Protein chains: 8
Amino acid sequence: MNSAVLRKLLNEVRSRKVSADEAVSRLRHLPFEDLGYAKLDHHRALRQGMPEVIFGEGKSAAQVAQIFSRLAKCHENANILATRASDEQFQAVVAQTSKAQYRPLARAITLQRDRHRYGKGRILVISAGTSDIPVAEEAVATAELMGSDVQHLYDVGVAGIHRLLAHRAVLGKARVIIVCAGMEGALPSVVGGLVGVPVIAVPTSVGYGAAFEGLAALLGMLNSCASNVSVVNIDNGFGAGYVASLINRR
Amino acid sequence: MNSAVLRKLLNEVRSRKVSADEAVSRLRHLPFEDLGYAKLDHHRALRQGMPEVIFGEGKSAAQVAQIFSRLAKCHENANILATRASDEQFQAVVAQTSKAQYRPLARAITLQRDRHRYGKGRILVISAGTSDIPVAEEAVATAELMGSDVQHLYDVGVAGIHRLLAHRAVLGKARVIIVCAGMEGALPSVVGGLVGVPVIAVPTSVGYGAAFEGLAALLGMLNSCASNVSVVNIDNGFGAGYVASLINRR
Amino acid sequence: MNSAVLRKLLNEVRSRKVSADEAVSRLRHLPFEDLGYAKLDHHRALRQGMPEVIFGEGKSAAQVAQIFSRLAKCHENANILATRASDEQFQAVVAQTSKAQYRPLARAITLQRDRHRYGKGRILVISAGTSDIPVAEEAVATAELMGSDVQHLYDVGVAGIHRLLAHRAVLGKARVIIVCAGMEGALPSVVGGLVGVPVIAVPTSVGYGAAFEGLAALLGMLNSCASNVSVVNIDNGFGAGYVASLINRR
Amino acid sequence: MNSAVLRKLLNEVRSRKVSADEAVSRLRHLPFEDLGYAKLDHHRALRQGMPEVIFGEGKSAAQVAQIFSRLAKCHENANILATRASDEQFQAVVAQTSKAQYRPLARAITLQRDRHRYGKGRILVISAGTSDIPVAEEAVATAELMGSDVQHLYDVGVAGIHRLLAHRAVLGKARVIIVCAGMEGALPSVVGGLVGVPVIAVPTSVGYGAAFEGLAALLGMLNSCASNVSVVNIDNGFGAGYVASLINRR
Amino acid sequence: MNSAVLRKLLNEVRSRKVSADEAVSRLRHLPFEDLGYAKLDHHRALRQGMPEVIFGEGKSAAQVAQIFSRLAKCHENANILATRASDEQFQAVVAQTSKAQYRPLARAITLQRDRHRYGKGRILVISAGTSDIPVAEEAVATAELMGSDVQHLYDVGVAGIHRLLAHRAVLGKARVIIVCAGMEGALPSVVGGLVGVPVIAVPTSVGYGAAFEGLAALLGMLNSCASNVSVVNIDNGFGAGYVASLINRR
Amino acid sequence: MNSAVLRKLLNEVRSRKVSADEAVSRLRHLPFEDLGYAKLDHHRALRQGMPEVIFGEGKSAAQVAQIFSRLAKCHENANILATRASDEQFQAVVAQTSKAQYRPLARAITLQRDRHRYGKGRILVISAGTSDIPVAEEAVATAELMGSDVQHLYDVGVAGIHRLLAHRAVLGKARVIIVCAGMEGALPSVVGGLVGVPVIAVPTSVGYGAAFEGLAALLGMLNSCASNVSVVNIDNGFGAGYVASLINRR
Amino acid sequence: MNSAVLRKLLNEVRSRKVSADEAVSRLRHLPFEDLGYAKLDHHRALRQGMPEVIFGEGKSAAQVAQIFSRLAKCHENANILATRASDEQFQAVVAQTSKAQYRPLARAITLQRDRHRYGKGRILVISAGTSDIPVAEEAVATAELMGSDVQHLYDVGVAGIHRLLAHRAVLGKARVIIVCAGMEGALPSVVGGLVGVPVIAVPTSVGYGAAFEGLAALLGMLNSCASNVSVVNIDNGFGAGYVASLINRR
Amino acid sequence: MNSAVLRKLLNEVRSRKVSADEAVSRLRHLPFEDLGYAKLDHHRALRQGMPEVIFGEGKSAAQVAQIFSRLAKCHENANILATRASDEQFQAVVAQTSKAQYRPLARAITLQRDRHRYGKGRILVISAGTSDIPVAEEAVATAELMGSDVQHLYDVGVAGIHRLLAHRAVLGKARVIIVCAGMEGALPSVVGGLVGVPVIAVPTSVGYGAAFEGLAALLGMLNSCASNVSVVNIDNGFGAGYVASLINRR
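This is a predicted model, so every value here is computed, not measured.

Even after reading the chapter, I still don't get the overall build of chain A, so can you show me in this structure?
Scanning chain A from N- to C-terminus turns up 11 helices and 9 strands. Across the 250 residues that make up chain A, the buried fraction comes to 62%. Within chain A, contacts between residues at least 6 apart in sequence are counted, and of these 70% link residues at least 24 apart. Carbon together with sulfur atoms contributes 51% to the accessible area of chain A, which is approximately 9,200 Å² in total.

Following this line, the structure appears as structure tokens:
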């Protein structure tokens with residue numbers, strides 16, 4: 001539509017109905033972004049291996065199902081992801097989109113159609129404790145749907161450092177590492193000191209009392225003495241998987 | 001004085017000037033604590049290896065010198081300690097108490113006269129970084145003046161975990177361990193997981209930005225996933241040395 | 001397995017198939033920690049009087065029962081503890097581990113098989129109010145399972161200081177004291193001033209309004225004017241019992 | 001002036017130049033408060049024993065001197081008080097108001113002309129430590145200038161509870177008690193439990209680390225388990241002296 | 001019992017079986033507080049017009065009923081109060097203590113037997129909005145059971161200041177004023193400026209968003225520019241009523 | 001009534017029963033505000049296009065219905081608004097006030113009788129995401145009932161800035177703009193930079209983790225680098241609609 | 001320059017060297033915003049009555065002088081404003097821009113050349129105390145340079161509400177009101193309740209202790225019970241003057 | 001040394017003085033990490049393009065100079081970096097290490113000897129305002145010393161979004177983008193939405209009032225609605241440059 005408007009103007013220039021100066025003036029006020037909209041959006045899908053992601057929390061099962069279905073149709077061969085999704089939401093989704101799958105630990109509904117490997121290296125997802133696994137699994141699911149090779153290493157928190165050290169070889173093979181930890185959030189610093197690749201730290205809301213719903217872990221990670229650590233929001237496994245996948249892109 | 005009052009009353013009972021019932025009644029209202037005062041105080045000095053400690057911050061050099069001198073005289077053979085003390089305060093102290101010494105790193109003025117070893121094991125004081133050393137040294141000075149055998153291990157923070165692991169044998173020989181760390185405050189958790197003795201964690205105000213003057217380290221330590229960690233106030237090396245010495249008492 | 005790998009290498013050295021220099025080089029890259037893993041773990045059990053503890057909160061009854069049972073089998077004569085456990089979780093546990101017991105006030109599931117007294121003195125557990133008793137009881141249960149002699153003194157908060165003073169003799173007999181208090185968290189300071197032994201302060205989430213779920217008590221305890229006080233996380237009765245038992249070890 | 005306006009209107013009513021209805025209408029819009037201003041102010045001085053108080057902090061010496069002098073003239077026989085005042089400010093004040101005096105500990109400039117005893121009982125001002133004395137002295141100075149009988153009891157903090165208990169008789173004679181404490185701010189609860197009169201708690205900014213400039217003491221006092229405690233702002237000795245004097249009024 | 005012990009000792013002194021010196025020594029270690037216990041407690045009831053108050057929140061209906069009944073029996077003619085009590089708890093209480101009454105707005109269970117007027121003036125309880133009334137009513141109930149003459153003035157918040165000003169006469173007749181306000185908590189400052197008596201400010205948790213459960217109101221009240229304001233904990237209507245009654249005592 | 005009192009006094013002046021001086025004196029103590037009360041209130045309704053608004057949250061359905069009905073009767077032709085209202089509350093309202101309507105997205109009950117257009121320009125209400133729409137709709141409903149011309153623009157958050165830029169023309173036509181955003185709350189700054197009219201920023205509680213229930217958005221908006229932004233409370237769509245309508249008044 | 005590029009392209013279309021389709025494609029990638037830059041900027045100056053404002057804090061005197069001079073030349077007849085400016089910065093500015101003036105209370109350097117009255121009503125700037133005047137004066141200076149009619153009313157805080165009420169007529173004549181207050185920040189609510197126009201609340205950092213550098217006032221204002229209040233950043237007098245001027249624009 | 005010990009043991013195995021089993025046992029207790037220390041360190045230098053970095057803040061000029069010189073000698077061809085360094089520290093450094101250079105904006109001392117290009121793409125460093133440039137320059141200096149191709153784009157904050165949009169082409173060419181912003185910290189979200197590469201957000205302490213020393217920006221960035229944003233500590237330009245360089249490694 002807007003392309004049509006623009007083309008019409010240019011044809012008027014061409015046919016000399018409109019002067020160049022007049023056209024310059026009109027173009028300055030053109031709502032150009034609308035032109036760019038679809039293109040940008042198209043670019044995003046191409047560039048990132050998947051379209052918009054649905055944040056399930058606070059949406060009804062019917063809403064999630066409808067959005068999921070619409071995205072699945074608009075972006076024919078792309079992968080679709082809904083995070084923070086309940087089993088009830090999944091039941092509604094799968095009724096409309098039969099090939100959708102549910103990963104209960106990750107609380108993620110996925111539709112994987114594009115199995116191209118976009119990343120070049122491996123993403124390692126680490127959890128400090130077993131309670132951090134849901135957040136870690138959300139990162140895993142996200143990264144896998146973005147075409148990454150993902151490996152995980154769970155329950156290797158700092159209070160038993162030998163558990164982590166026993167897997168030093170695994171650490172050494174990753175292109176980027178995601179570390180999910182609650183409580184004191186110390187694991188990213190230790191991991192960061194053992195490797196020479198970027199570490200994405202995810203504070204989790206695991207803990208009680210002075211953990212203050214993940215604040216202690218968040219502050220700990222932001223103050224990491226390891227220089228290769230950056231941080232995402234509390235419990236934001238999705239964001240970590242997303243950033244790691246972008247780092248890992250070819 | 002109060003003893004005199006009490007003795008007088010009892011003598012009146014004895015000489016039957018006062019009945020037992022009347023004495024019971026009077027005794028109930030006796031300011032008994034004054035009786036206990038000197039005794040308790042005396043007990044404290046005996047029990048803990050040293051008398052009151054002077055907190056130097058916010059006191060004038062003259063004030064510190066006067067209190068130091070008075071304590072040194074009252075408690076003849078005891079050790080005297082002034083913490084958070086400046087060199088200027090030390091100059092004033094040493095002018096009156098010639099045998100006092102200054103430990104600049106620890107910012108402590110000490111007068112060590114009682115060299116008895118009250119502790120039975122060894123206290124290990126660890127610092128995560130070089131900037132945490134002043135706090136660690138305050139702990140060392142305190143513990144030494146309380147008659148403990150103290151060893152230190154500095155700059156073994158979690159971002160280079162091999163530095164700590166290389167000294168695992170040293171860790172294994174301590175009866176109690178003090179760990180001073182700023183920034184993310186992760187070291188006590190790692191140390192706590194390596195040993196089976198109590199760990200006293202001291203958050204330091206080292207760091208910047210979201211370290212919030214030691215708050216990040218404090219919260220991290222309170223949420224330690226190692227069960228053998230307890231925490232004292234930010235930069236409170238004195239408290240850590242004090243508690244560790246009590247743990248280590250025979 | 002890793003032992004086997006190591007032994008194989010050493011036998012190759014022995015049979016001169018591999019030179020000493022070559023072996024040095026290979027050993028540097030050995031995933032040595034796996035060797036240490038079981039041993040360390042074994043050490044922990046021996047050293048501390050019990051194996052891993054289960055944190056019940058957020059786990060299903062089935063999960064708690066399975067972990068409890070597995071730990072009970074792996075560590076034949078050791079004591080097993082699950083904290084923050086519900087009655088429902090206990091029902092699941094006792095179905096598999098018939099000798100398990102439930103302490104409802106402490107919300108703890110226990111299996112006490114090792115009744116050896118590891119500690120040498122007595123641990124005194126104090127609560128400020130009746131609402132703090134569950135946290136105090138968690139400390140009691142933990143310390144008892146770790147082989148300590150435990151005594152308690154409840155509802156002796158600072159607003160009625162005579163209640164505490166009446167038990168001064170009891171205070172004087174403890175080797176280490178745990179003080180659980182919510183609201184303003186003032187009791188550890190008062191207790192700390194009356195004794196010459198370590199005091200472990202446990203802030204509780206008891207209170208309302210500006211108690212901010214235990215924050216007021218936590219800050220109060222960290223700022224204690226008594227030098228012998230250290231602090232654990234809000235409501236962390238387990239941690240206090242654990243640290244106190246380590247202090248009290250022979 | 002405004003009285004004049006009103007009288008003029010009323011005289012016009014009287015002389016029937018203005019109807020009652022018209023006067024009602026006009027009176028509704030009268031800036032009546034200006035009438036009340038002087039009166040109210042006058043009332044305040046009478047009622048409370050002194051006029052406005054000057055908060056010295058952030059004012060120049062010249063400003064303080066000028067305001068002090070003006071107040072001294074307007075309120076002929078009243079007492080004048082400047083709080084948070086420096087010695088430099090006092091020098092400027094005394095140059096203009098020769099009978100002004102300086103209380104350095106309280107950082108207060110006073111001009112005491114009215115020595116009437118407005119209160120009926122005694123106000124007891126307690127400090128937990130020696131560092132809290134400046135705040136306590138501000139309360140003392142304020143209460144004295146408001147015509148109260150004031151007594152003080154310093155350095156009786158909770159870590160040495162016997163020091164407080166030794167003065168139980170003194171506590172029992174007060175009509176209202178002010179308690180100034182920093183660090184954990186526990187003293188008001190203990191005092192509150194010992195007496196049956198109102199306790200005004202003043203948190204001080206004394207302490208370091210997690211004292212957070214008086215926040216720890218403030219929260220502690222707000223959560224006092226003693227029901228007779230109310231709280232004023234951090235370091236607000238003036239407010240405490242003021243409230244206590246009003247409580248103590250005949 | 002303890003009296004017996006003491007009397008026995010004194011009789012032995014009297015009969016010269018025990019010397020005065022020996023008795024002084026023994027008395028120092030006497031658990032004297034137990035002697036004082038009942039007496040003190042008795043004093044409290046006499047002094048304050050009522051015995052212990054029950055905090056209902058978090059207690060079962062049966063527990064509240066049992067404690068209520070026991071207190072009612074121990075303190076024969078005294079008033080009994082349970083705060084933060086539900087209707088269910090009241091049903092349990094009234095089954096045992098038939099004369100107990102429930103004030104649903106105040107969420108208070110009361111047993112009023114002593115109708116003596118202990119206070120000399122009048123306590124005025126003000127609420128800023130209608131949502132603050134439950135807290136205000138708790139203050140009213142408390143003050144009434146403590147023998148005060150109480151009047152209330154509700155819904156006179158600062159956004160319609162004329163509502164308050166219309167009752168200036170009422171304000172002027174109070175000996176002490178309690179002001180309950182949520183949201184910005186501004187009302188105590190305005191009231192404080194209009195009167196010359198103590199104002200007890202009670203922040204309420206009324207509000208949303210940046211009210212942060214009463215924190216905004218609490219901070220506002222602590223920073224009141226009116227000098228006659230002191231503050232109690234968020235929603236602590238009981239504390240305010242208690243303090244006000246003590247202020248108002250004859 | 002009060003008018004009557006006043007008129008009576010003035011008539012007494014007129015008939016010379018009372019002197020002017022005596023009348024001045026009496027008038028100073030008149031509870032004048034009561035005179036003004038009804039008038040002021042009347043003014044408010046006239047001035048602002050609607051009477052008091054009902055905050056539904058925490059009120060019973062019956063309470064909301066009763067207040068709604070009473071307001072509808074008192075203010076005959078005015079619009080009535082209840083915010084934060086549930087469907088259940090609406091059912092109770094509509095049973096009494098049959099013309100009331102419910103706007104579920106806005107959670108608002110409205111009775112629109114006055115359809116006069118009080119504003120002169122247009123209010124544009126923008127939401128960053130779809131989750132912010134309920135807050136935005138509350139602003140829309142409020143502004144409409146206050147007689148404003150309102151347009152909205154939803155889901156134009158900063159992560160897809162082209163969506164906003166595409167509507168630059170719409171932005172340019174508004175007299176005042178309301179921007180509702182959660183999470184990082186960045187949209188008001190961007191909008192503010194694009195226009196030369198006042199922007200009212202409404203932080204929403206949308207987000208998780210370090211969003212801290214709207215605190216992150218609130219702080220972001222307060223620190224806006226655009227100079228034309230002012231802020232209301234978290235989720236306060238009503239306040240934003242109210243302020244915007246006042247700005248937009250003729 | 002970019003215009004030149006665009007004109008060249010259009011001339012190529014006109015001369016049929018480039019097809020319309022090709023031109024559409026190229027235009028999509030044109031850095032169009034550069035075209036718009038100067039224009040937008042020009043618009044801003046026209047629209048808002050003044051160009052960019054200089055934030056003086058943290059800039060050297062030389063930097064402020066240079067920027068001021070450059071702006072004064074670029075925007076020939078416009079007013080120039082530097083906020084948070086020191087006298088030293090002013091000396092540097094006036095050396096280059098001789099007609100610049102300094103308003104010390106407002107800490108503002110101004111160059112007023114455009115004296116057109118852009119606003120239609122009056123802006124009233126109120127301060128609660130005398131310490132809030134610098135912030136208020138910054139608002140005054142800003143609004144005056146933006147062509148507003150400004151009046152002020154200082155030292156009318158809520159603790160002496162009659163001072164404010166005495167000026168009710170002045171309040172009633174303003175089109176928009178700015179209220180600057182520190183401490184409890186209650187004044188905007190009271191003012192907001194007295195008027196029917198928008199109130200811009202400016203929290204100031206005036207206060208001590210629990211004022212927390214303006215946080216108490218900020219929270220208070222955000223929770224105002226008056227619906228016509230919106231808030232800007234702490235001490236942001238400039239922002240308030242700016243927003244008020246935009247509201248007041250014809 | 002440790003190598004020697006190990007070699008000795010292996011030679012004993014070889015000469016059959018020690019059995020393989022005995023050697024396995026001994027090796028388990030070997031302080032192996034010391035072996036690994038130098039090697040690991042060496043690895044770090046190789047792997048990351050530079051050795052340890054010096055944090056200048058809080059160190060004396062002499063200390064910085066000495067450490068700088070030692071690092072320069074140990075790591076012959078590597079680049080050396082000191083951050084948060086003053087001009088005075090630089091003078092001390094350059095006296096010992098003559099080729100060192102000072103970048104005053106970045107407050108960085110650099111010694112660039114290795115000019116190899118380790119990265120494969122380009123790092124773009126963006127600042128929102130001119131006050132954020134020092135932090136941005138620290139990121140630039142760090143990334144350049146780690147062998148990255150770095151470009152910057154300053155003063156393109158969200159309040160003038162056209163400034164950023166004008167450089168969309170530049171954004172599109174970066175492999176990773178660093179965004180430094182204070183105040184509301186909104187820029188990373190906008191940038192994140194425009195690109196498909198990782199964005200490292202650096203909150204700066206620029207701002208005042210409710211910026212709370214960078215907290216507002218930090219929270220804003222953590223809650224970014226753009227999925228490709230991760231965050232480092234406040235003012236941590238070094239960390240951002242470090243992480244970006246690792247992402248950009250070949």
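This is not the end of the story, as more comes after the structure.
Would you mind showing me how to read the packing of aromatic side chains here?
Inspection of every chain in the model, using the stated rule, returns 24 aromatic pairs over all chains. With a centroid separation of 5.4 Å and an interplanar angle of 20°, the aromatic rings of Phe90(H) and Tyr102(H) are classed as stacked. Taken together, the positions of Phe90(H) in helix α5 (residues 87-96) and Tyr102(H) in strand β3 (residues 101-103) put the pair 12 residues apart, joining distant regions of the chain. If you follow Arg84(A) out to its NZ or CZ, it ends over the ring of Tyr208(F), 4.4 Å from the centre.

Please clarify how the pairing of strand β2 (residues 80-83) of chain E should be interpreted in this entry.
Walk down a regular strand and you will see the side chains alternate between the two sheet faces. All names here are of chain E. Neither face of β2 is open: one carries Ile 80 and Ala 82, the other Leu 81 and Thr 83, and all of them are buried. The sheet contact formed by strand β1 (residues 54-55) and β2 spans 2 bridges and is parallel. In the sheet register, Ile 54 faces β2, and the bridge partner there is Ala 82. Between β1 and its parallel partner β2, the chain crosses via helix α4 (residues 61-74), and the hand of that crossover is right-handed.

So what exactly am I meant to see when it comes to the sheet that holds strand β1 (residues 54-55) of chain B here?
Each strand in a sheet pairs with its neighbour through backbone hydrogen bonds, running either in the same direction (parallel) or in the opposite one (antiparallel). Residue and element names in this part refer to chain B. The strand order across the open sheet formed by 4 strands is β1-β2-β4-β3, and the pairing between neighbours is mixed. The open sheet is flanked by β1 and β3 (101-103), the only strands paired with a single partner. Bridge analysis of β3 against strand β4 (residues 108-111) gives 3 bridges, and the strand direction is antiparallel. Paired with Arg 103 across the bridge in β4 is Ala 108. Sheet strands touched by helix α4 (residues 61-74): β1, β2 (80-83) and β4. Its angle to β2, the strand with the most contacts, is close to 160°.

Explain the relation of the copies chain A and chain H here, please?
Between the two copies of this chain, the relationship is a rotation about some axis together with a displacement along it. Taken as rigid bodies, chain A and chain H are interconverted by a rotation of 180° and an axial shift of 0.1 Å, the fit giving an RMSD of 0.2 Å. Look at the turn and shift together and you get a two-fold axis relating the two. Closest approach to the rotation axis within chain A is made by the C-alpha atom of Val231(A), at a distance of 2.4 Å. Taken together, the interface assignments show that 97% of the residues at the interface of chain A recur at the interface of chain H, consistent with an identical surface on both copies.

Mind showing me how you'd approach the interface of chain A and chain H here?
One widely used convention gives an interface's size as the accessible area the parts lose upon coming together. Counting residues at the interface gives 29 residues for chain A and 29 residues for chain H. Carbon and sulfur atoms make up 56% of the surface buried where chain A meets chain H, a total of about 2,300 Å² over both sides. One can count 0 salt bridges joining chain A with chain H. Linking chain A with chain H are 8 residue pairs in polar contact (both at pLDDT 80 or more), by the criterion used here. For the side of chain A that touches chain H, the elements supplying multiple residues, two or more each, are α3 (32-48), α10 (215-222), β9 (229-231) and α11 (237-248) of chain A. The greatest single-element share of the side of chain A that touches chain H, amounting to 7 residues, is contributed by α11(A).

Looking at this model, I keep getting lost on the packing of helix α4 (residues 61-74) of chain H against α5(H). Mind explaining?
All names here are of chain H. In the contact formed by α4 and α5, the axes pass within 8 Å of each other and the chain directions differ by 40°. Judged by the inter-axis angle, α4 sits oblique to α5. Read as a crossing pair, α4 and α5 show a hand that is right-handed. Packed against α4, whose contacting residues are Ala 61, Val 64, Ala 65, Gln 66, Phe 68 and Ser 69, the element α5 presents Glu 88, Gln 89, Ala 92, Val 93 and Gln 96 at the interface. Of the residues in the contact of α4 with α5, the class split is 6 nonpolar, 4 polar and 1 charged.

Sorry if this is basic, but what is going on with the environment of Gly207(E) here?
Among the secondary structure elements, Gly207(E) is positioned in the loop between β8 (199-203) and α10 (215-222). In sequence terms Gly207(E) and Gly147(E) are 60 residues apart; their C-alpha atoms lie 32 Å from each other.

Explain unusual backbone geometry to me, please; I cannot follow it from the model alone.
With phi around 50°, Arg107(C) is a residue other than glycine that occupies positive phi space. Within the fold, Arg107(C) resides in the loop between β3 (101-103) and β4 (108-111). Despite not being glycine, Asp235(H) shows a phi value in the positive range, around 65°. Considering the arrangement of structural elements, one finds Asp235(H) in the loop between β9 (229-231) and α11 (237-248).

Please clarify how the sheet that holds strand β1 (residues 54-55) of chain F should be interpreted in this entry.
One open sheet holds the 4 strands; their spatial order is β1-β2-β4-β3 (chain F), and the pairing between them is mixed. The sheet terminates laterally at β1 and β3 (101-103) of chain F, the two strands that pair on one side only.

I keep staring at the state of the cysteines and nothing clicks. Help me out?
Between two cysteines, a covalent bond joining their sulfur atoms is known as a disulfide. For the coordinates displayed, the defined rule picks out 0 disulfides over all chains. Of all cysteine sulfurs in the structure, the one in Cys180(C) sits closest to Cys225(D), which takes part in no disulfide; the separation is 15 Å.

For this particular structure, what's the right way to read the pattern of salt bridges?
Side-chain pairing between opposite charges can occur once the charged atoms of the two side chains come close. This model, assessed by the stated rule, comprises 42 salt bridges over all chains. Arg117(A) is paired through a salt bridge with Asp149(A); the nearest N and O atoms lie 4.0 Å apart. With a gap of 32 residues between them, Arg117(A) in the loop between β4 (108-111) and β5 (122-127) and Asp149(A) in strand β6 (residues 149-153) connect regions that are remote in the sequence. Using a relative accessible area of 39% as the deciding quantity, one classes Arg117(A) as partly exposed. Judged by its relative accessible area of 23%, Asp149(A) falls in the partly exposed class. The residue Arg122(H) makes a salt bridge to Asp149(H) at a minimum N-O spacing of 3.4 Å. Within this pair, whereas Arg122(H) is found in strand β5 (residues 122-127), its partner Asp149(H) is found in strand β6 (residues 149-153), the two being separated by 27 residues in sequence. We classify Arg122(H) as partly exposed; its relative accessible area is 29%. Put simply, Glu57(A), Arg84(A) and Glu138(A) are held in one network by salt bridges that share partners.

Please explain the pairing of strand β2 (residues 80-83) of chain H as it appears in this structure.
Here β2(H) runs beside strand β4 (residues 108-111) of chain H; their pairing, made up of 3 bridges, is antiparallel. Pairing of Ala82(H) across the sheet is with Ile109(H), part of β4(H).

What is the right way to look at the side chain of Arg175(A) in this model?
Relative to the helices and strands, Arg175(A) resides in the loop between α8 (168-172) and β7 (176-181). The side chain of Arg175(A) is buried and forms no salt bridge, while Asp149(A), the nearest opposite charge, is found at 12 Å. In this structure the side chain of Arg175(A) is engaged in a polar contact, spanning 3.3 Å, whose partner is the backbone oxygen of Leu246(H). Side-chain polar atoms of Arg175(A) contact the backbone oxygen of Ile247(H), separated by 2.5 Å. Not counting the four nearest positions on each side in its chain, Arg175(A) is found in contact with Lys120(A), Gly121(A), Arg122(A), Val197(A), Pro198(A), Ile247(A), Asn248(A), Arg175(H), Leu246(H), Ile247(H), Asn248(H) and Arg249(H).

I'm lost on the domain arrangement of chain A in this one. Help?
Residue and element names in this part refer to chain A. Annotation of chain A at the domain level lists domain 1 (3-111) and domain 2 (122-249). Taken together, the 17 residues of domain 1 in the interface contact 16 residues of domain 2. When the two sides are added together, the surface that domain 1 and domain 2 hide from each other amounts to roughly 1,300 Å², 57% of it contributed by carbon and sulfur. Linking domain 1 to domain 2 there are 2 salt bridges. Among the ionic pairs, Glu 138 bridges to Arg 84, the shortest N-O distance being 3.6 Å. At the junction of domain 1 with domain 2, the criterion picks out 3 residue pairs in polar contact (both at pLDDT 80 or more). Of all the elements in the fold, those that place two or more residues in the side of domain 1 that touches domain 2 are α3, β2 (80-83) and β4. Partitioning the side of domain 1 that touches domain 2 into residue classes produces 8 nonpolar, 5 polar and 4 charged.

Conventions adopted
- Residues numbered from 1 in each chain as written.
- Chains lettered and ligands numbered in written order.
- Predicted model: local features only at pLDDT ≥ 70, side-chain atom pairs only at ≥ 80, totals over all residues.
- Heavy atoms only, no water.
- Helix = DSSP H or I, 4+ residues; strand = E, 2+ residues; numbered from the N terminus.
- Buried < 20%, exposed > 50% of the residue type's maximum accessible area, 1.4 Å probe, protein only.
- Contact = heavy atoms within 4.5 Å.
- Areas by Shrake-Rupley, 256 points an atom, 1.4 Å probe, with all protein chains shown as cover.
- Phe/Tyr/Trp six-rings, centres within 6.5 Å; stacked < 30°, edge-to-face > 60°.
- Lys NZ or Arg CZ within 6 Å of the ring centre and 35° of its normal.
- Pairing = 2+ DSSP bridges.
- Right-handed = clockwise from strand over helix to strand, strands pointing away.
- Axes fitted to C-alpha atoms, helices over the stretch in contact; angles between N-to-C directions.
- Least-squares fit on C-alpha atoms with pLDDT ≥ 70 in both.
- Buried area = accessible area lost by both parts, 1.4 Å probe.
- Salt bridge = Lys/Arg side-chain N within 4 Å of Asp/Glu carboxyl O.
- Polar contact = N/O pair within 3.5 Å; in protein donor to acceptor, adjacent residues only side chain to side chain.
- Parallel < 35°, antiparallel > 145°, perpendicular 65-115°, else oblique.
- Left-handed = near helix turned anticlockwise from the far one by under 90°.
- Nonpolar A, V, L, I, M, F, W, Y, C, P; charged D, E, K, R; others polar.
- Disulfide = S-S within 2.5 Å.
- Lys, Arg positive; Asp, Glu negative; His and termini not counted.
- Domains from an automatic or database assignment.

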